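Each chain, written out:
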Amino acid sequence: MSSEVEKVKTIEDASAEEQREMEDKVVSPEKVEEAKLKARYPHLGAKPGGSDFLRKRLQKGQKYFDSGDYNMAKAKMKNKQLLSAAADKTEVTGDHIPTPQDLPQRKPSLVASKLAV
Amino acid sequence: GAGNAGVGGGNDFQWCFSQVKGAIDEDVAEADIISTVEFNYSGDLLATGDKGGRVVIFQREQEGNNRSHSRGEYNVYSTFQSHEPEFDYLKSLEIEEKINKIRWLPQQNAAHFLLSTNDKTIKLWKISERDKRAEGYNLKDENGRLRDPFRITSLRVPVLKPMDLMVEASPRRIFANAHTYHINSISVNSDHETYLSADDLRINLWHLEITDRSFNIVDIKPANMEELTEVITAAECHPNQCNVFVYSSSKGTIRLCDMRASALCDRHSKFFEEPEDPSSRSFFSEIISSISDVKFSHSGRYMMTRDYLSVKVWDLNMESRPVETYQVHEYLRSKLCSLYENDCIFDKFECCWNGSDNAIMTGSYNNFFRMFDRNTRRDITLEASRESSKPRAILKPRKVCTGGKRKKDEISVDSLDFNKKILHTAWHPKENIIAVAATNNLYIFQDKIN
């Protein structure tokens with residue numbers, strides 16, 4: 001007897017949950033996306049869109065060990081103009097001292113713009 | 001569909017391809033990526049800046065000069081290297097040469113002036129024409145070599161002779177060392193004497209003639225950087241009130257400041273923010289509310305802001321909410337997780353008004369760009385692509401399919417190319433001519449008439 005009552009209750013609860021889920025999906029695709037993100041990155045900062053982003057934005061820019069490092073990288077580029085691949089590596093800061101090998105190569109703009117052709 | 005009628009002009013109005021500039025090859029060098037596009041006040045000149053620090057200026061051909069169907073084509077007028085990469089020795093950081101913004105000065109004489117800026121340094125460039133040169137000097141010959149004075153037996157008056165047009169660009173002022181953080185905006189004041197420059201935390205006011213000093217007019221840097229909650233994302237001077245400017249923030253707010261009220265405008269005169277439903281708040285809310293561009297209407301009565309998914313028009317007399325909101329690509333709301341992972345959620349789209357303020361334009365992904373007619377409430381999606389690049393070809397409207405059955409000619413959200421972003425667009429100040437930057441290519445579209 002009691003188990004039957006329990007069963008009925010569970011079914012009701014389940015359908016109420018389903019309805020809430022459906023409402024969430026219909027009402028807020030953002031929240032669905034948020035859940036996806038938190039599932040992939042459980043340690044994502046508690047402060048959404050806060051200081052981490054801002055500090056990363058303020059520090060934007062490729063870091064070199066020192067000016068000699070920078071000038072060597074530039075000189076390398078002048079000699080090897082075909083090297084253009086790894087332009088999108090993330091910044092190397094904080095974990096270890098960067099070396100010229102670590103850093104993405106940059107192509108200096110020695111030629112005129114192709115818009116001006 | 002029935003053509004792209006009705007947006008940006010009258011009912012019979014349609015956009016057509018006019019020109020495309022730039023290389024066709026698939027392998028795009030980073031330096032060639034266009035980072036800013038700007039018409040001058042008359043619309044006769046169109047300037048672009050790129051990641052390689054170069055500026056290219058196009059000039060509109062006078063109509064009636066040549067073939068009747070090449071109505072007002074833009075051709076290269078001048079190109080120069082504006083900024084070079086530099087190295088900040090104190091922080092061991094590279095300073096990119098990428099041109100963040102170009103702003104023209106109103107023309108006051110035969111020469112043209114523009115301001116161009118990278119992350120740290122603003123430069124005033126003078127672009128002038130030379131179409132005459134003097135011939136018949138007494139002391140030097142035609143090649144410039146000095147003549148032997150003993151051979152000179154008579155005096156002659158040098159004569160001005162026409163020469164092939166030469167356009168020269170020279171840096172007249174360099175405004176440096178005033179920004180600790182990265183410059184995102186410059187804006188020329190309506191007094192034509194001053195301009196403002198804004199970085200993430202500060203805004204400075206300059207006099208165009210003075211390079212060794214600038215006034216700091218906004219400073220939102222907190223005493224303790226741990227308390228940093230928002231940054232300045234864009235700033236602009238009011239088009240006709242020289243004491244007024246606005247700046248937008250990463251939290252989706254806009255502050256209007258009056259320079260007559262105080263020297264340091266940390267306290268705003270007006271604060272614009274749209275109320276948000278707290279129950280709908282998510283991890284992404286603040287990121288997508290960050291304003292990437294703010295532009296006053298030509299009339300000065302309205303301003304427009306661009307955030308990740310929408311464009312909003314604000315009446316300067318109403319701070320509580322925008323008067324109009326236009327969805328640019330709402331279908332991306334259910335893709336925010338991947339857009340966060342590939343960093344696209346941080347893309348900074350710009351927006352612009354047409355000359356009469358009745359239409360607005362902004363870019364999107366897949367080389368799509370969107371236009372909204374404020375009067376008819378019609379909107380249209382067009383594409384900047386080599387495939388629709390036959391001269392005077394009418395652009396076909398595009399549609400993104402958001403779910404369910406995809407109709408023919410529609411493109412599904414998952415097929416969009418997020419590497420093809422249109423971040424920079426510009427609208428001619430008087431006519432229906434638009435310039436759209438698609439990575440390394442510049443497209444120019446015009447209306448169908450003629």
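Residues numbered from 1 in each chain as written. Chains lettered and ligands numbered in written order. Predicted model: local features only at pLDDT ≥ 70, side-chain atom pairs only at ≥ 80, totals over all residues. Heavy atoms only, no water.

Here we look at the pattern of salt bridges
Which entries qualify depends on this criterion: A pairing counts as a salt bridge when a side-chain nitrogen of Lys or Arg comes within 4 Å of a carboxyl oxygen of Asp or Glu. Under the scheme used here, helices are H or I runs from DSSP no shorter than 4 residues and strands are E runs no shorter than 2 residues, and both carry numbers assigned from the N terminus. Buried residues are those whose accessible area, probed at 1.4 Å on protein chains only, stays under 20% of the maximum for their type, while exposed residues exceed 50% and partly exposed ones sit between those limits.
With the rule as written, the count across this model stands at 36 salt bridges over all chains. Between D219(B) and R202(B) there is a salt bridge whose closest N-O contact spans 3.1 Å. Remark: R202(B) occurs in strand β14 (residues 202-207) and D219(B) occurs in strand β15 (residues 215-219); sequence separation between them is 17 residues. We note a salt bridge from R213(B) to D212(B), for which the minimum N-O separation is 3.4 Å. In this structure, R213(B) and D212(B) share a single accessibility class: exposed. It is possible to trace a salt-bridge network through shared partners that takes in K114(A), D32(B), D50(B) and R54(B).

Regarding the side chain of S78(B)
Our working definition: Contacts are residue-level and defined by heavy atoms, with any inter-residue pair within 4.5 Å sufficient.
As for its position among the elements, S78(B) is in strand β5 (residues 74-81). When residues no more than four places from it in sequence are discounted, the contact partners of S78(B) are V55(B), V56(B), I57(B), I127(B), V167(B) and A169(B).

Section: the sheet that holds strand β16 (residues 232-237) of chain B
All names here are of chain B. Worth spelling out the cut-off: Whether two strands pair depends on DSSP finding at least two bridges between them. Lines fitted to C-alpha atoms define the axes, with helix axes restricted to the stretch in contact, and inter-axis angles between N-to-C directions lie between 0 and 180 degrees.
Read across the open sheet, the 4 strands follow the order β16-β17-β18-β19; overall the sheet is antiparallel. The sheet is open, and its two edges are formed by β16 and β19 (270-272), each paired on a single side. Shown here is a sheet whose adjacent strand axes are inclined to one another by a mean of 20 degrees, direction ignored. Here 5 bridges tie β16 to strand β17 (residues 244-249), and the two strands are oriented antiparallel to one another. Paired with I232 across the two strands is S249, which belongs to β17.

Quick look at the nonpolar core
In a soluble, globular protein the nonpolar side chains are often hidden away together inside. Residue and element names in this part refer to chain B. Test applied: For this analysis, a nonpolar core means a set of buried residues of the types Ala, Val, Leu, Ile, Met, Phe, Trp, Tyr and Cys, connected via side-chain atoms within 4.5 Å.
If you look at the biggest cluster of nonpolar residues, it comprises 25 residues, and the most contacted ones within it are Y308, L332, L339, Y340, I345 and L416. Elements represented by at least two residues in this core include exactly α1 (285-289) and α2 (336-341). It is α2 that provides the largest number of residues to this core, a total of 4 residues. Membership of the second largest hydrophobic core comes to 19 residues, among which are A359, L382, I422 and I434.

Some details on the interface of chain A and chain B
The following threshold applies: Buried area adds together the accessible area that both of two parts lose upon being put together, with accessible area traced by a 1.4 Å probe. Each polar contact in these results corresponds to two N or O atoms within 3.5 Å; when the atoms are within protein, one needs to be able to donate a hydrogen and the other to accept it, and residues that are neighboring in sequence are counted only if both atoms are side-chain atoms.
Each side of the interface is counted separately: chain A has 40 residues, and chain B has 65 residues. Interface of chain A and chain B: buried area, both sides summed, is about 4400 Å²; carbon and sulfur atoms make up 55% of it. Salt-bridge contacts for D200(B) lead to R57(A); the nearest nitrogen and oxygen are separated by 3.0 Å. Scanning the region where chain A abuts chain B turns up 14 residue pairs in polar contact (both at pLDDT 80 or more). Contributions of two or more residues to the side of chain A that touches chain B are made by α2 (29-40), α3 (51-58) and α4 (67-79) of chain A.

All quantities given are derived from atomic positions and should not be read as evidence of function.
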